[in-house]
Amino acid sequence: MSLTPQISQLSTIQVGIVGTGYAAKRRAETFLKDQRSHLELVTGHTAENIASFCQSYGVSACDTWEKLVTAKNIDLVVICTINQEHGKIAKLALEMGKNVIIEYPLSLDIVEASNLLCLAKKQGKLLHIEHIEILGGMHQAVRQYLPQLGHVFYGRYTTISAKHPTPRHWTYHHQQFGFPLKAALPRIHRFTDLFGEVKTVTCHTRYWDTQDGYYHACLCDAQLQFQNELIIDVMYGKGDIFVKSDRTFELYGDQGKMIFEGIDGKLITPEGAKPIELESRRGLFAQDTTKVLDYLFAGKPLYIEPDSSLYALQVADAAYQSSQLGKTVTIVNG
Ligand code: NAP
Ligand code: BLA
């Protein structure tokens, strides 16, 4: 992606954030510390949370996202709100000629996501889709030790978040969160980043519904077969039907195996087992934010291209189609 000259000539960039939750807070803290950015405006959902966010960080409040993305004094819009809103906010921001940072997923709609990449290119603006899992310790360790596994033929990634009771939160709402493997896109993106193109996807999804579009538990299980015959099983579950949380990542190769249970990693080869220690997952939004400023001001390459996120979304969309149709879906790779 080429450097946006307009920004590289500026000494500071004027930032607006849409959202007041965890991601928005970590972003705001980094923008406030970095001399290259000025946090101008913040908007969100409930007036109460907008007011307390703005008071904590000493920022001006805006009552709607439309006003924020059309504000003349904003150069960079950062979209940290619920998934259902992502696509439309990104679209207006790009149409207004803003640079955009968006938390994954870019959109819950694959056609809209693809159009947004074209729009960003046409406008000559940055569209950065955050994928902090790529910056995280586990993915870096997997990349580092992968050559020691030999030919990798099977992998499995289980993430279960047990909740008792399940909160009435947007992450348990069908429309607001979206299809689980689109919303939790890193479950697929970790593998497409390492192993490339997927050939077929078979997926089953089950929800334990409550009311008003909410559910109290869900289970989404997908099997991906890659072009190189590698088979990956992805299991995503959350809510009150689960007794215990679990995060287990495994890769099997003909010369070794890697396994991560939470932050405890192991590389197992015929010579024995070697522990792989991981750092905490904190600090990743700060890193992502700094990398965007380094890109805009110094032309340093970003760690992720939007096409990589779009491809993972295409695979997640195939998983959605598979679970709707009750059969295996073949991916048409460009
Ligand atoms: P969060 O802490 O729950 O914050 C969600 C934000 O959206 C809050 O400002 C909330 O406002 C607002 N919101 C809630 N319900 C809404 C509704 N119905 N309509 C409009 N806005 C609503 O969420 P988060 O963890 O920061 O996630 C934000 C985005 O980042 C999501 O797309 C998520 O997938 C992505 N992401 C998060 C992480 C992470 O580590 N947390 C990692 C990667 C990607 P109120 O609180 O006032 O309702
Ligand atoms: C990812 N975490 C996410 C996502 C959501 C949350 C909505 C995006 C969807 C997904 O990939 O599953 C929400 N995570 C939470 C909430 C908590 C949580 C509400 O841990 C409550 C404690 N995120 C955090 C915190 C950390 C964190 C406190 O909110 C770490 C200390 C890390 N969340 C984190 C990371 C990802 C993520 C690194 C990227 C997904 C991945 O690593 O695969």
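Preceding block: the structure.
This report concerns the structure included in the present document. (Residues numbered from 1 in each chain as written. Chains lettered and ligands numbered in written order. Predicted model: local features only at pLDDT ≥ 70, side-chain atom pairs only at ≥ 80, totals over all residues. Heavy atoms only, no water.)

### Re the overall build of the protein
Right, on to step 1. The secondary structure content of the protein amounts to 13 helices and 15 strands.
Right, on to step 2. At 20 Å, the protein has a C-alpha radius of gyration in line with the 20 Å of a compact globule built from 334 residues.
Right, on to step 3. The dimensions of the protein, computed from C-alpha atoms along their principal axes, are 60 × 45 × 40 Å.
Right, on to step 4. For the protein, with 334 residues in total, the buried portion stands at 54%.
Right, on to step 5. For the protein, the accessible surface area stands at approximately 15,400 Å², while carbon and sulfur atoms represent 50% of it.
Right, on to step 6. In the protein, which carries 33 positive and 35 negative side-chain charges, the distance between the mean positions of the two groups comes to 2 Å. (Helix = DSSP H or I, 4+ residues; strand = E, 2+ residues; numbered from the N terminus. Rg over C-alpha atoms; globule rule 2.2 N^0.38 Å. Buried < 20%, exposed > 50% of the residue type's maximum accessible area, 1.4 Å probe, protein only. Areas by Shrake-Rupley, 256 points an atom, 1.4 Å probe, with all protein chains shown as cover. Lys, Arg positive; Asp, Glu negative; His and termini not counted. Charge placed at Lys NZ, Arg CZ, Asp CG, Glu CD.)

### Here's the deal with the sheet that holds strand S2 (residues 37-43)
Hydrogen bonds between backbone atoms are what pair the strands of a sheet, whose relative direction is either parallel or antiparallel.
Right, on to step 1. Spatially, S3-S2-S1-S4-S5-S6 is the arrangement adopted by the six strands of the open sheet, whose pairing is parallel. Only two strands of the sheet have a single partner each, and these edge strands are strand S3 (60-61) and strand S6 (127-130).
Right, on to step 2. Where helix H2 (residues 22-33) meets the sheet, it contacts strand S1 (13-18), S2, strand S4 (76-79), strand S5 (99-103) and S6, and its direction lies at approximately 165° from that of S1. (Pairing = 2+ DSSP bridges. Contact = heavy atoms within 4.5 Å. Axes fitted to C-alpha atoms, helices over the stretch in contact; angles between N-to-C directions.)

### A closer look at the site of ligand 2
Right, on to step 1. Inspection of the region around ligand 2 gives 14 residues, with Tyr22, Tyr104, Arg187, Arg190 and Arg281 positioned closest.
Right, on to step 2. For ligand 2, an oxygen atom lies 2.8 Å from a polar atom in the side chain of Arg187.
Right, on to step 3. Side-chain polar atom of Arg281 to an oxygen atom of ligand 2: 2.9 Å apart, as the coordinates give it.
Right, on to step 4. Examining the composition of the shell around ligand 2, we find that three residues originate from one element, helix H11 (residues 186-195), more than from any other.
Right, on to step 5. A class-by-class count of the residues in the shell around ligand 2 yields eight nonpolar, one polar and five charged. (Near = heavy atom within 4 Å. Polar contact = N/O pair within 3.5 Å; in protein donor to acceptor, adjacent residues only side chain to side chain. Nonpolar A, V, L, I, M, F, W, Y, C, P; charged D, E, K, R; others polar.)

### Focus on the sheet that holds strand S7 (residues 152-162)
Right, on to step 1. With respect to topology, nine strands assemble into an open sheet ordered S14-S13-S12-S11-S7-S10-S9-S8-S15, the strand pairing being mixed. The open sheet is flanked by strand S14 (272-277) and strand S15 (329-330), the only strands paired with a single partner.
Right, on to step 2. Where strand S12 (residues 257-261) lies against strand S13 (residues 264-269), five bridges are found, and the strand directions are antiparallel. Along S13, the bridge assignment pairs Met258 with Leu267.

### A word on helix H8 (residues 137-145)
Right, on to step 1. Among all positions of H8, only Met138, His139, Ala141, Val142 and Tyr145 are buried. When H8 is viewed along its axis, its buried side chains cluster within an angular range of 160° and face the same direction. (Arc of directions from axis to C-beta.)

### So, the packing of aromatic side chains
Right, on to step 1. Applying the stated criterion across every chain, the model contains twelve aromatic pairs.
Right, on to step 2. Ring centres of Tyr154 and Tyr252 lie 5.6 Å apart, and the angle between their planes is 50°; this geometry places the pair in the tilted category. Placement of the pair is Tyr154 in strand S7 and Tyr252 in strand S11 (residues 246-253), with a sequence separation of 98 residues.
Right, on to step 3. Residue classification places Tyr154 among the buried residues on the basis of a relative accessible area of 19%.
Right, on to step 4. In this structure Tyr252 comes out as partly exposed when scored by relative accessible area, which is 23%.
Right, on to step 5. Members of the aromatic cluster, each reached through a chain of ring pairs, are Tyr157, Phe191, Phe249 and Phe260.
Right, on to step 6. Cation over ring: Arg26 sits above Tyr22, and NZ or CZ is 4.8 Å from the ring centre.
Right, on to step 7. Here the basic side chain of Lys238 rests over the ring of Phe177, its NZ or CZ set 3.5 Å away from the ring centre. (Phe/Tyr/Trp six-rings, centres within 6.5 Å; stacked < 30°, edge-to-face > 60°. Lys NZ or Arg CZ within 6 Å of the ring centre and 35° of its normal.)

### Quick word on the pairing of S1
Right, on to step 1. Among the six residues that make up S1, six are buried, leaving the element largely enclosed by the rest of the structure.
Right, on to step 2. Residue alternation in S1 divides its side chains into two sets, Ile13, Val15 and Ile17 and Gln14, Gly16 and Val18, and both sets are buried.
Right, on to step 3. Taken together, the six bridges between S1 and S2 define a ladder with parallel strand orientation. Residue Gln14 lies in a different strand from S2, and its bridge partner there is His38.

### A few points about the pattern of salt bridges
Right, on to step 1. With the rule as written, the count across this model stands at 14 salt bridges.
Right, on to step 2. Lys182 serves as the salt-bridge partner of Asp317, at 2.8 Å between the closest nitrogen and oxygen. Here the residue Asp317 occupies a position in helix H13 (residues 306-325), and Lys182 occupies one in helix H10 (residues 180-183), the gap between them amounting to 135 residues.
Right, on to step 3. Taking the relative accessible area as the measure of exposure, Lys182 reaches 6% and is therefore buried.
Right, on to step 4. The partner of Lys199 in a salt bridge is Glu229, and the shortest N-O contact between them spans 3.0 Å. Of the two residues, Lys199 sits in strand S8 (residues 198-209) while Glu229 sits in the loop between strand S9 (215-226) and strand S10 (231-239), which places them 30 residues apart along the sequence. (Salt bridge = Lys/Arg side-chain N within 4 Å of Asp/Glu carboxyl O.)

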